[in-house]
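For reference, the chains in residue letters:
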Amino acid sequence: MLNSLPFQSSTDDIGDDSLFARIATDLNRQGFSVIPNALPEAMTTELFHQVLNMESEDFSHAGIGRHTDLTLNQFVRRDEIRWIDGQTSAEQLWLAWTHRLQQYLNRRLFLGLFSYESHFAHYQPGDFYRKHLDAFRGEANRRLSTVAYLNPGWLPGDGGELVIYESDAELEITKVTPAYGTLVVFLSEEFPHEVLAAKRHRYSIAGWFRVNSSSYDRVDPPR
Ligand code: OGA
Ligand code: MN
């Protein structure tokens, strides 16, 4: 049982439950949630230290959808990523915490979230990610996107905001500063969003809760 993982006191669980409740309420009301200082401190410290100690060869350029052409990718997104697979204690804390978020949201909102995938992302100064959707209706099984930020002392002039748009249009809903400890959660199929170029190195963890769309001839998500 994941509930019996170490490093989780019952006090933390209570603190997380009120946070998870707020996320559920936001999702129910508006389809997205932006919460500064959301991430538990001990976990975030470990994640931050891991990111600081990662070398650039630990990261690789990400693909977009079916496009594997790096030149084309670079026009859309410039960030470099590293998938989280639980190889460090920081990653284990992250996976346990997001698993409890998943269970909470399934109980409260009946989302049927089945699995979670996530990666660190590093944006060098000038890097961006153009406006995109994380999932296309009927095509993908990403239901809920999460973004967590690991940037202490981020200032307004540093740029790098996450801009979230109305589902059908150009209208901007909100602009999120990628400040240390901020968590963003939104419905993957609903909200186009983009990452503006920053003047500093920018670190985040992007993740997606998926539903199980396995059929008789296809296991999905792959295991
Ligand atoms: C993504 C993404 C947003 C961010 O990786 O799909 O939209 O603020 N990231 O890092
Ligand atoms: Mn995205």
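Refer to the structure printed above.
Residues numbered from 1 in each chain as written. Chains lettered and ligands numbered in written order. Predicted model: local features only at pLDDT ≥ 70, side-chain atom pairs only at ≥ 80, totals over all residues. Heavy atoms only, no water.

1. Quick word on the overall build of the protein
The line we're drawing: A run of H or I in DSSP becomes a helix once it reaches four residues, and a run of E becomes a strand once it reaches two; helices and strands are each numbered from the N terminus. Residue contacts are counted whenever heavy atoms from the two residues lie within 4.5 Å of one another. All accessible areas in this document rest on Shrake-Rupley with a 1.4 Å probe, and a residue is counted as covered only by the protein chains that are shown.
For the protein, the helix and strand inventory stands at four helices and eleven strands. A separation threshold of at least 6 residues defines the contact pool for the protein, and within that pool the share at least 24 residues apart is 78%. Surface exposure of the protein reaches about 11,600 Å², of which carbon and sulfur atoms provide 52%.

2. Side note on the sheet that holds strand β6 (residues 142–149)
Short version of the rule: Two strands are counted as paired when DSSP detects at least two bridges linking them. Lines fitted to C-alpha atoms define the axes, with helix axes restricted to the stretch in contact, and inter-axis angles between N-to-C directions lie between 0 and 180 degrees.
On the basis of which strands lie adjacent, the open sheet formed by seven strands has the order β1-β9-β6-β11-β4-β3-β2 and antiparallel pairing. Since the sheet does not close on itself, it has two edges, and those belong to β1 (32–35) and β2 (60–61), each with one partner. Pairing between strand β4 (residues 115–123) and strand β11 (residues 202–210): nine bridges, direction antiparallel. Pairing of Tyr116 across the sheet is with Phe209, part of β11. Docked against the sheet, helix α4 (residues 89–109) engages β4, β6, β9 (183–187) and β11, running at close to 130 degrees with respect to β4.

3. Focus: the coordination of the manganese ion (ligand 2)
Note the following rule: Only nitrogen, oxygen and sulfur atoms qualify as donors, and only when within 2.8 Å of the metal (3.2 Å in the case of Na, K and Ca); with water excluded, sites may look incomplete. Three labels apply to residues, based on accessible area from a 1.4 Å probe with only protein chains included: buried if under 20% of the type maximum, exposed if over 50%, partly exposed otherwise in between.
Here the manganese ion (ligand 2) is held by His132 (NE2), Asp134 (OD) and His193 (NE2), and the distances to it run 2.1 to 2.2 Å. Coordination of the manganese ion (ligand 2) draws on donor residues from a single chain, spaced H-x1-D-x58-H in sequence. Of the two residues, Asp134 sits in the loop between β5 (129–132) and β6 while His193 sits in strand β10 (residues 193–195), which places them 59 residues apart along the sequence. Taken individually, Asp134 and His193 each receive the classification buried, so the pair is uniform in this respect.

4. So, the sheet that holds strand β7 (residues 162–165)
Ordered in space as β5-β10-β7-β8, the four strands form an open sheet in which the pairing is antiparallel. What marks the edges here is a single partner per strand, and that holds for β5 and β8 (172–176). Recorded for the sheet is a direction-independent mean angle of 10 degrees between the axes of neighbouring strands. Of the strand pairs in this sheet, β5 and β10 are connected by two bridges, and their pairing is antiparallel. Opposite Tyr129, over in β10, you have Val195 as the bridge partner.

5. As for the side chain of Ser204
By the element assignment, Ser204 lies in strand β11. When its relative accessible area of 3% is taken as the criterion, Ser204 is described as buried. Sequence-distant contacts of Ser204, defined by excluding residues within four places in its chain, comprise His119, Phe120, Ala121, Tyr123, Val147, Ala148 and Tyr149.

6. Here we look at the site of ligand 1
Here is the rule: A cutoff of 4 Å decides nearness: a residue is near a molecule or strand if any of its heavy atoms lies inside that distance of it. Polar contact criterion, stated in full: a pair of N or O atoms within 3.5 Å, where within protein one must be able to donate a hydrogen and the other to accept it, and residues adjacent in sequence count only if both atoms are side-chain atoms.
In the vicinity of ligand 1 lie 13 residues, with His132, Asp134, Tyr149, His193 and Arg202 positioned nearest. In the model, an oxygen atom of ligand 1 is placed 2.5 Å from a nitrogen or oxygen of the Tyr149 side chain. Note that an oxygen atom of ligand 1 is positioned 2.9 Å from one of the side-chain N or O atoms of His193. Counting only elements with at least two residues in the shell around ligand 1, the list comes to β5, β6, β10 and β11.

All quantities given are derived from atomic positions and should not be read as evidence of function.
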